[in-house]
Amino acid sequence: MRVYLVIMDETAEARKALRFASHRAMASGGAVHILALVAKQNFNAFGAVQATIEQEAKDRAEVMASSAAGNLFSESGKMPTISVKTGEGQAVIKEYLAEHPEVAALVLGAAADGTPGPLISHFSSHSGSLPCPLYVVPGSFTNDDIDRVAS
């Protein structure tokens with residue numbers, strides 16, 4: 001089974017990547033994995049305060065990923081796998097890909113304007129060493145564009 005890994009956050013680019021991945025999964029009989037990243041906090045507070053801040057960030061990521069998964073389920077009837085990981089994005093994604101050899105493609109969404117984003121910049125420059133293809137969904141794509149290309 002083909003598994004499409006989408007890195008989910010609250011951006012329009014991530015929603016476009018998820019739409020592309022879900023349509024590809026439906027067309028190929030595959031599945032979608034949603035990976036929500038929680039950045040490590042760069043400051044040290046009192047232990048309980050630090051733990052509370054980190055837990056709140058993780059909770060927000062879980063709610064966002066669950067909402068996206070619910071939307072995907074209502075459209076396709078298939079529930080995606082959801083993972084929420086804390087750490088530096090590039091390292092967490094590489095680790096996830098190493099732990100999940102079933103992933104057939106990493107799907108990222110590019111910003112419509114400006115630079116494509118740090119994950120796309122990193123993974124496109126290292127695409128030759130990835131264990132799977134990298135799909136980049138242009139930020140300028142409309143839902144119709146995505147549906148046409150993904151189906």
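Predicted model, so just to flag it, every value in this text is computed and none were measured.

Caption draft 1: Here's a closer look at the overall build of the protein. Of regular secondary structure, the protein possesses five helices and five strands. The linear arrangement of helices and strands in the protein, starting from the amino end, is β-α-β-α-β-α-β-α-β-α. Here the C-alpha radius of gyration of the protein, 16 Å, is about what a compact globule of 151 residues would show, namely 15 Å. Each principal axis of the C-alpha atoms in the protein carries an extent, and together these give about 50 × 35 × 30 Å.

Caption draft 2: Spatial organisation of a nonpolar patch on the surface. A contiguous nonpolar surface patch, about 290 Å² in accessible area, is contributed by Phe-73, Met-79 and Ile-82. Considering the arrangement of structural elements, one finds Phe-73 in helix 2 (residues 47-76). Since its relative accessible area comes to 43%, Phe-73 is described here as partly exposed.

Caption draft 3: Region of interest: the sheet that holds strand 2 (residues 31-38). Here five strands make up an open sheet; going across it, the order is 3-2-1-4-5 and the pairing parallel. Both edges of this open sheet fall to strand 3 (81-86) and strand 5 (134-137), since each of them pairs with a single strand only. With direction set aside, neighbouring strand axes in the sheet form an average angle of 25°. In terms of strand pairing, strand 2 meets strand 3 through six bridges, oriented parallel. Across the sheet, Ile-34 pairs through a bridge with Ile-82, a residue of strand 3. Helix-sheet contacts for helix 1 (residues 12-28) involve strand 1 (3-8), strand 2, strand 4 (103-109) and strand 5, and the interaxial angle to strand 1 is about 170°. This element, helix 3 (residues 89-99), spans strand 1, strand 2, strand 3 and strand 4 of the sheet and lies at about 145° to strand 2.

Caption draft 4: Broad picture of the pairing of strand 5. Of the pairings in the sheet, the one linking strand 4 to strand 5 comprises four bridges and is parallel in character. The residue of strand 5 that forms the bridge with Val-107 is Tyr-135. Viewed along the sheet, the connection from strand 4 through helix 4 (residues 118-125) into strand 5 turns out right-handed.

Caption draft 5: Representation of the pattern of salt bridges. Evaluation of the coordinates by the stated rule reveals two salt bridges. Asp-145 is paired through a salt bridge with Arg-148; the nearest N and O atoms lie 3.4 Å apart. Pair noted here: Asp-145 and Arg-148 are both in helix 5 (residues 143-150), with a separation of three residues, about one helical turn. According to the relative accessible area criterion, Asp-145 is partly exposed, its value standing at 21%.

Caption draft 6: Main features of the nonpolar core. If you look at the biggest cluster of nonpolar residues, it comprises 26 residues, and the most contacted ones within it are Val-6, Met-8, Leu-18, Val-32, Ile-34 and Val-107. At the level of elements, strand 1, helix 1, strand 2, helix 2, strand 4 and helix 5 are the ones that each hand at least two residues to this core. At seven residues, helix 2 tops the list of elements feeding residues into this core. The contact partners of Leu-18, leaving out residues within four places of it in the chain, are Val-6, Met-8, Val-32, Ile-34, Ala-68 and Leu-72. Judged by nonpolar contacts, the second largest core, of 17 residues, contains Leu-108, Ile-120, Cys-132 and Leu-134.

About the cut-offs
Residues numbered from 1 in each chain as written. Predicted model: local features only at pLDDT ≥ 70, side-chain atom pairs only at ≥ 80, totals over all residues. Heavy atoms only, no water. Helix = DSSP H or I, 4+ residues; strand = E, 2+ residues; numbered from the N terminus. Rg over C-alpha atoms; globule rule 2.2 N^0.38 Å. Patch = residues over 30% accessible without salt bridge, like charges linked within 9 Å, V, L, I, M, F, W, Y side chains within 5 Å. Areas by Shrake-Rupley, 256 points an atom, 1.4 Å probe, with all protein chains shown as cover. Salt bridge = Lys/Arg side-chain N within 4 Å of Asp/Glu carboxyl O. Buried < 20%, exposed > 50% of the residue type's maximum accessible area, 1.4 Å probe, protein only. Pairing = 2+ DSSP bridges. Axes fitted to C-alpha atoms, helices over the stretch in contact; angles between N-to-C directions. Contact = heavy atoms within 4.5 Å. Right-handed = clockwise from strand over helix to strand, strands pointing away. Core = buried A, V, L, I, M, F, W, Y, C linked by side-chain atoms within 4.5 Å.

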